[in-house]
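Notes for the structure review
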Number of protein chains: 2
Amino acid sequence: IIQRDRLSLDSRSAPPSSKYFSVQCSPRVQYRITPPPPESGTLPTTLNGNTMLLITMDTASEVGNDSKLSVMYYGEKTEVLGKAVVHLTAVEISLDVDADRDGQVERNNPNKGSWMWGPNGHGAILLVNCDSERTYGKRRDSECAEVTRVSDLKDMSPMVLRTSGPAKLPEGYKLTMHITQGDAESVRVFGTRSTAENLFYKNFVKDYPLVLGSEDLSKEVPYLGGNAEMNFYVEGLRFPDKDFEGLISISLSLLEPSSQGFPETPIFTDRVVFRVAPWIMTPNTLNPVEVFVCSTSDNYQFLKGMRRLVEHSGYKLKVCHQYMNRGDRWMQDFPYDELLGPDFGYVTRMAYNEEVSSLDSFGNLEVSPPVTINGKNYPLGRIIIGVAFPTATKGRNMTKVVQDFLWAQKVQEPIALFSDWLHVGHVDEFMTFVPAPDKKGFRLLLASPDAGYKLFRGLQNDRHGQAKMFDAEEEITVDEILCDDKLRAENNYVQSCIDWNRDVLKRELGLDDDDIIDLPILFHVTEENRAVAYYPDMVNMIVLGKNLGIPKPFGPKVDGRCALEAEMTSLMEGLGLSCTYIDDFASYHKLLGEVHCGSNVRREPFSFKWWNLEM
Amino acid sequence: IIQRDRLSLDSRSAPPSSKYFSVQCSPRVQYRITPPPPESGTLPTTLNGNTMLLITMDTASEVGNDSKLSVMYYGEKTEVLGKAVVHLTAVEISLDVDADRDGQVERNNPNKGSWMWGPNGHGAILLVNCDSERTYGKRRDSECAEVTRVSDLKDMSPMVLRTSGPAKLPEGYKLTMHITQGDAESVRVFGTRSTAENLFYKNFVKDYPLVLGSEDLSKEVPYLGGNAEMNFYVEGLRFPDKDFEGLISISLSLLEPSSQGFPETPIFTDRVVFRVAPWIMTPNTLNPVEVFVCSTSDNYQFLKGMRRLVEHSGYKLKVCHQYMNRGDRWMQDFPYDELLGPDFGYVTRMAYNEEVSSLDSFGNLEVSPPVTINGKNYPLGRIIIGVAFPTATKGRNMTKVVQDFLWAQKVQEPIALFSDWLHVGHVDEFMTFVPAPDKKGFRLLLASPDAGYKLFRGLQNDRHGQAKMFDAEEEITVDEILCDDKLRAENNYVQSCIDWNRDVLKRELGLDDDDIIDLPILFHVTEENRAVAYYPDMVNMIVLGKNLGIPKPFGPKVDGRCALEAEMTSLMEGLGLSCTYIDDFASYHKLLGEVHCGSNVRREPFSFKWWNLEM
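Computed from a prediction, not measured in an experiment: that's the story for all the values here.

The next thing to look at is the packing of aromatic side chains. For the structure on display, the rule yields 38 aromatic pairs over all chains. Ring centres of A:Trp117 and A:Trp610 lie 5.7 Å apart, and the angle between their planes is 70 degrees; on these two criteria the pair is classed as edge-to-face. Note that A:Trp117 is positioned in the loop between strand S8 (92-96) and strand S9 (124-126) and A:Trp610 in the segment after strand S37 (599-603), a separation of 493 residues in sequence. Their ring planes at 45 degrees and their centres at 4.3 Å tell us that B:Phe302 and B:Tyr588 sit as a pair that is tilted. Linking B:Phe302 in helix H1 (residues 300-313) with B:Tyr588 in the loop between strand S36 (578-582) and strand S37 (599-603), this pair joins segments that are 286 residues apart in sequence. The class of B:Phe302 is buried, set by a relative accessible area of 0%. By way of ring pairs, the aromatic residues A:Phe456, A:Phe470, A:Tyr534, A:Tyr535, A:Phe554 and A:Phe585 are connected into one cluster. Positioned over the ring face of A:Tyr453 is A:Arg488, at 4.0 Å from the centre of the ring. One residue, B:Arg275, lies across the ring of B:Trp115, its end atom 4.6 Å from the ring centre.

Structure representation (structure tokens):
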């Protein structure tokens, strides 16, 4: 219980010409002689220049100096030359956390000072407190160096200081809790006022004062005496990032006074380690909880379609109104002030000395369903972003500060696709994932000009070359599309860009061709050599369980039915998925986005716990 | 050999109303029909909407279009409706490195695109080119974006581009090598002029032009035709650091032309990965090669002692003369301009917005011998630095930029000790390691005021209380030292500071008390509460194999022999070590340093290879 202490038997205490010694001690005291004496008898033991006693106690003291150890010194014969007595006070100190991740702060876990990934791993975890307990005057709780509501304690990790010993520490001894300068920007520790312990209701934030933070790296904490537990609450302030692996440690030291104004020195230090939870994305295969859209002056038709889909699917639609979105319809980048609230937080990264481009939007930041690649499991899937093509000498990129952040989360190792060939430059313009009942549990859907031309040529072969797409003044026939050599050349180029991404996705997600479905989608290429969808880009869909909300493509009508919708519905039906086509033509497609860009979905979290990953 | 290519059988090529097809191909061409046709017969196969051919070739082409694959289309009966022919050119391309770490650049190692630690691991390695091939007008080779001498190629890692195929690539196709913007600050690639390949002597640096670097992230490389190998040389520019894990990748793509001025698109990309070698320290247990000291106007006595020790031990003494050291005697921070040369480099870190202190010197940066702690091996030992005590609200620290650098090397995971209690603040003022024939192969030596008092009290007990230490006007007796209560209190404080470090070292190096030897050394504490050695600090020694160069302590003389030297020699003799006492009193001790601070040793590298570490 007390640290092993060394007592050198002759430097300070032995009378001159002592040759032998014997030791007696109180029942709770154990000692060991080192180096071990050669004689096996009992008393006395030969004293030599290096003799030391290693002293331990197995029970905490109830009062100060309640145990002792005495050494008798003998000369050549057995006459007693002197006696030295050490008075001992044992104090049990343990700084405790939930190192076995079972929701309970166990007592003195031997692994509490380290952290290991995996189901056989160990180590406490910590949330970044990036939500807001307040619902007005909101800011993220991590931005205030105080407990904003007592409910905020639930967003923190519990830590308990357990002590046993006499009512008071010996004169001049004290306990101090400390963190390093480096960790101070990532963590705060709040305490509990000792008076609050006695209250039935602990409903006042003032009862949970700040103990450690960037202003206080070290603070004395009271020693309560007897068998005591003092509760602390640990708050994470930042996600892992390029310069922060995510591990933080908190130490507690027992300080011993020095004489004559020398600094105190610690004689015992206990240390616990936490890992901050990473930022995790949720793929389309997880069940939705809420769907978000913006209302603008011109998107009534879109809203109507979305409302029908979402309500039919049994989920909740949240509309961000115009006074809040200020005319921005791109729900993937929804104003965060509106959504911030209890258990709904956000994280931002600011770019310095870097150009921010369209590639920094959500829509260019997606995540795959869980996959296994050459035996390596990604039970949380892999993040997918779009960047400039690697051989391009110049091109738009997602900012380095955002890419670094994504890679630092580690648990959904990102894949970089080539999306700069698109005018808007988002990966969600050519790919998405839908759930499937078979194979890997999902299919990758890819936009495919080849599949588009195949469908159009099939219509022509079946004598539907005069079928028209689009409405009124924009209408165009299947024959006209197939005659357009320039459009065909543009789509060959687009297909080669998508094919390159297809190869990367197959390799990085461990997919076969059977895991991929090509959707009939044509593009055209602008004068800047960048592509936009020729008709509403069906792959840019919203996935709500088995219900898909798909941009209505306004394709050629055959027997009164849109041939593109028919093909799409037929491809999805095989997977048990139901398609709803939403008219986003005027309000989104014309502005170079579609359904997915105009919506967002909060999904149920993974049941798989991130700390069980094998890293 | 060529990438698997997909050929969709009906989108572009099938004549209307085709129902069946058959395939014929040249001997070197293989194909697979997907989805696999249900019929097991030979010919013809039913054509359906999704039929695709996956085509591969197992040998490179000798001339362009030397292979072909043809598809015959049939109608309801067996009349031939049409025939489509694909002409094929197979090119074999492999960017190769020494991924199995045997010194040879093997052909197309399947693991060349990833990196794994350990004896069963894989992945190529790269040196930081921080030495200088030039011996005049010196600067580090990594500072020049060119090959400074042909011999400099030996400091780089070889990379080979192997190609097989026809004499020329088909019109418009080309090869391009590329790196990412992020890697460009860490790596350069030099090539070989194709003319140089034919020369018997390749002794001109102009034959090795820069291919990739921060100015050129992507460059076309020639396709040589036939069976060709082109040599490249990869130069590492920076060590791992907080913002650089150490991995860099180099890619080679085959670009396909697009029609009508669209950008080219890559149809094949090969990628290799290197890890930059970490910066590694060499502990006292490794054999010395050279010893360095400074000569100043006043250190003749010290130099004489050092020369005797080093020459007796059979090593080389290099003296840095006054015109070069400009009066600085602290060889641990030796002027790097003098030493820089072939295979002798350096690395520096600049502090921004941070106060640089005495703790940033070598002397506060040491390394342990190899250790095993709770089953975890550190075959390269662990780096040891000194910082402010964790509970201190303010104190001197090693700068964060240096600490971050040390931690980023990973292979000698650092331990932070508390050294700010010392006036100079270096860990080498209270600890060192010496080789030992038994136990863990070494002993940790710790300065110990308790051991010092024990020795002095023993002298007093043996009636040598009037023995004098120091010379002439500074002399003081053993009795006087033992009477000094203030000195005793100061040393109690010092002992408690060392004890705290002793506990950390035991825990972090997995040591028992038997692995530690306490040396009799006293300190005194200045008015700023910081400690300096009371007499020459014997622990601040130079270790040259079995020969130790120890500051001459000028201790109390008993029978004409220094009692401190006698004790020290006796402690070291048990380990087979021989002690030489070097007079550094006036020229180093009085200036708050000792032998170790005034010397430096180049040692043989570890035989253990860092990439064999299990991380």
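Now that the structure has been shown, the text picks up again.
All names here are of chain A. The three strands lie next to each other as S20-S23-S24, forming an open sheet whose pairing is mixed. The open sheet terminates on both sides in strands that have one partner only, identified here as strand S20 (365-367) and strand S24 (415-418). Pairwise comparison of adjacent strand axes, ignoring direction, gives a mean angle of 35 degrees for this sheet. Pairing of strand S23 (residues 383-387) with S24 involves four bridges; the strand directions are parallel. In the strand pairing of S24, Ile 384 is matched with Ile 415. Against the sheet, helix H4 (residues 400-408) engages S20, S23 and S24, with an angle of about 160 degrees to S23.

Next up on the list: the sheet that holds strand S19 (residues 316-320) of chain B. Residue and element names in this part refer to chain B. Taken in spatial order, the three strands of this open sheet run S19-S18-S37, and their pairing is mixed. Looking at the sheet topology across the chains shown, the edges are occupied by S19 and S37. Direction aside, neighbouring strands of the sheet carry axes that sit 25 degrees apart on average. Pairing geometry for strand S18 (residues 288-294) and S37, over five bridges, is antiparallel. Paired with Pro 288 across the bridge in S37 is Arg 603. Against the sheet, H1 makes contact with S18, S19 and S37, and its axis sits at roughly 170 degrees relative to S18, the strand it touches most.

Let us look at the pattern of salt bridges. All names here are of chain B. Applying the stated rule across the entire model yields 76 salt bridges over all chains. Between Arg 602 and Glu 290 there is a salt bridge, and its shortest N-O distance comes to 3.0 Å. Of this pair, Arg 602 sits in strand S37 while Glu 290 sits in strand S18, placing them 312 residues apart in sequence. Since its relative accessible area comes to 5%, Glu 290 is described here as buried. Three or more residues joined by partner-sharing salt bridges are found here, namely Glu 92, Asp 96, Arg 107, Lys 112, Arg 162, Glu 229 and Asp 270.

This part takes up the domain arrangement of chain A. All names here are of chain A. Considered domain by domain, chain A is made up of domain 1 (4-88), domain 2 (92-276) and domain 3 (288-612). Summarising the inter-unit geometry, the C-alpha centres of domain 1 and domain 2 are found 39 Å apart. Contacts between the two partners involve five residues from domain 1, matched on the other side by five residues from domain 2. Buried surface at the junction of domain 1 and domain 2, both sides included, amounts to about 240 Å², of which 67% is carbon and sulfur. Contact with domain 2 buries area across many residues of domain 1, yet Ala 60, Ser 61 and Glu 62 alone supply 82% of it, more than any other trio. Along the contact surface separating domain 1 from domain 2 lie zero salt bridges. Along the contact surface separating domain 1 from domain 2 lie zero residue pairs in polar contact (both at pLDDT 80 or more).

Procedures and definitions
- Residues numbered from 1 in each chain as written.
- Chains lettered and ligands numbered in written order.
- Predicted model: local features only at pLDDT ≥ 70, side-chain atom pairs only at ≥ 80, totals over all residues.
- Heavy atoms only, no water.
- Phe/Tyr/Trp six-rings, centres within 6.5 Å; stacked < 30°, edge-to-face > 60°.
- Helix = DSSP H or I, 4+ residues; strand = E, 2+ residues; numbered from the N terminus.
- Buried < 20%, exposed > 50% of the residue type's maximum accessible area, 1.4 Å probe, protein only.
- Lys NZ or Arg CZ within 6 Å of the ring centre and 35° of its normal.
- Pairing = 2+ DSSP bridges.
- Axes fitted to C-alpha atoms, helices over the stretch in contact; angles between N-to-C directions.
- Contact = heavy atoms within 4.5 Å.
- Salt bridge = Lys/Arg side-chain N within 4 Å of Asp/Glu carboxyl O.
- Domains from an automatic or database assignment.
- Buried area = accessible area lost by both parts, 1.4 Å probe.
- Polar contact = N/O pair within 3.5 Å; in protein donor to acceptor, adjacent residues only side chain to side chain.

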